[in-house]
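# Observations on chain architecture
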Amino acid sequence: MTTTPVPAIVLNNGVPIPQLGYGVFKINPEETVDTVRRALQVGYRHIDTAELYHNETQVGRAVHESGLAREDVFVTSKLDNDSHAHQAALAAFQRSLDDLGFDYLDLFLIHWPTPAVGDYVETWRAMEEIYRSGRVKAIGVSNFQPHHIQNLLEHTEIVPAVNQVELHPYFAQEKVREFNTEHGIATEAWSPIAQGRVLHDPAVQTIAERLSRSPAQVTLRWHLQRGDIVFPKSTTTQRMAENFDLFDFTLAEPDMAAISGLNRDERIGPDPDTLNHL
Ligand SMILES: NC(=O)c1ccc[n+]([C@@H]2O[C@H](COP(=O)([O-])OP(=O)(O)OC[C@H]3O[C@@H](n4cnc5c(N)ncnc54)[C@H](OP(=O)(O)O)[C@@H]3O)[C@@H](O)[C@H]2O)c1
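These notes cover the structure that comes with them. This structure is a prediction, so every number in the text was calculated from the model and none was measured.

A few words now on the side chain of R70. Position of R70 among the secondary structure elements: in the loop between α2 (56-65) and β5 (74-79). Classification of R70 by relative accessible area gives buried; the value is 15%. Within the local environment of R70, its side chain forms a polar contact with the side chain of D106, the two groups lying 2.9 Å apart. Setting aside residues no more than four positions away along its own chain, R70 makes contact with V75, F102, Y104, L105 and D106.

So, in structure tokens, the structure goes:
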């Protein structure tokens, strides 16, 4: 395995975040302590969880039991969709901290804008209050379209540090990425290998074979070279290690362009403008 350290992206408030992390969506609580422990052993120092994943307690335990210093592991969690009022958001943040067993979070995100059922602008004001309390190093959003963020920019004070969105070769999100960049917001790509779908793509497979890499490595490398933050999920140690081993090769421009050319604006997940509960 490579010993090259994972590069950091510096967020708009000066906080560094490892560009490659580990996601724990759909890892059931019984397996999470062991799975996150193995991910930390592989070398991951950035974990992406959420209240919705029902495994924050186990993520926290794995970090505590790892022997690593708390400040050496970057942990993100997310505010659930039914916590979109001011007091509810403050309580949700405290719940996440308590479940993780931490006294601060590295990054806290509004999970979805849920525009029809909640006032995400009011929720963002609660996020600002949490940030000013010093108990989170950075705040951001997830699944926000440019018009949702524009609304925040016009009515609130703190520019989100990140926008975490579905993003992979079949859903390249160019407009969202451009908007994020224009406003100094880092883009995080969820489902970076499209939950495995892109790994069977002939174009990805051809590049992988030529470079003696796996399709997952080629796809993750494409994200990194575009400057986005990724946290692939795998419960197998061998795949965790494969997904971490990305720093001793590069994709040449024609290969980058070939993968970008696979975009067909095809979502796996819900549309943020219509999703109201999950
Ligand atoms: N903000 C949001 O709304 C949102 C939504 C979805 C996800 N996320 C975040 O993004 C993270 C990643 O997304 P994701 O879990 O949906 O999908 P993903 O990382 O794109 O794909 C995970 C799937 O691919 C398989 N896989 C992983 N590495 C592989 C490899 N090297 N070769 C072959 N198969 C491989 C995994 O199976 P095995 O486990 O069996 O290896 C799993 O089935 C999540 O864990 C979560 O933290 C956020």
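That was the structure; now back to the text.
Attention shifts here to the pairing of strand β9 (residues 186-190). A large share of β9 lies buried, amounting to five of its five residues. The pairing of strand β8 (residues 162-166) with β9 spans five bridges and is parallel. For N163, the partnering residue across the bridge sits in β9 and is T187. Note on the crossover from β8 through helix α6 (residues 174-182) to β9: the handedness is right-handed. As judged from the two bridges shared by β9 and strand β10 (residues 229-230), these two strands associate in the parallel manner. By the bridge assignment, E188 is partnered in β10 with I229.

To continue, consider the site of the ligand. As a matter of local geometry, the ligand sits amid 29 residues, with D48, Q164, S191, S234 and R239 nearest to it. The contact in question runs from an oxygen atom of the ligand to an N or O atom on the backbone of I193, over 3.0 Å. The separation between an oxygen atom of the ligand and a polar side-chain atom of S234 is 2.5 Å. Contact with the protein chains removes 88% of the 900 Å² of surface that the ligand exposes when unbound. Considering only residue class, the shell around the ligand consists of twelve nonpolar, twelve polar and five charged.

What counts and how
Residues numbered from 1 in each chain as written. Predicted model: local features only at pLDDT ≥ 70, side-chain atom pairs only at ≥ 80, totals over all residues. Heavy atoms only, no water. Helix = DSSP H or I, 4+ residues; strand = E, 2+ residues; numbered from the N terminus. Buried < 20%, exposed > 50% of the residue type's maximum accessible area, 1.4 Å probe, protein only. Polar contact = N/O pair within 3.5 Å; in protein donor to acceptor, adjacent residues only side chain to side chain. Contact = heavy atoms within 4.5 Å. Pairing = 2+ DSSP bridges. Right-handed = clockwise from strand over helix to strand, strands pointing away. Near = heavy atom within 4 Å. Areas by Shrake-Rupley, 256 points an atom, 1.4 Å probe, with all protein chains shown as cover. Nonpolar A, V, L, I, M, F, W, Y, C, P; charged D, E, K, R; others polar.

Treat this as a map of the structure, not an account of what it does.
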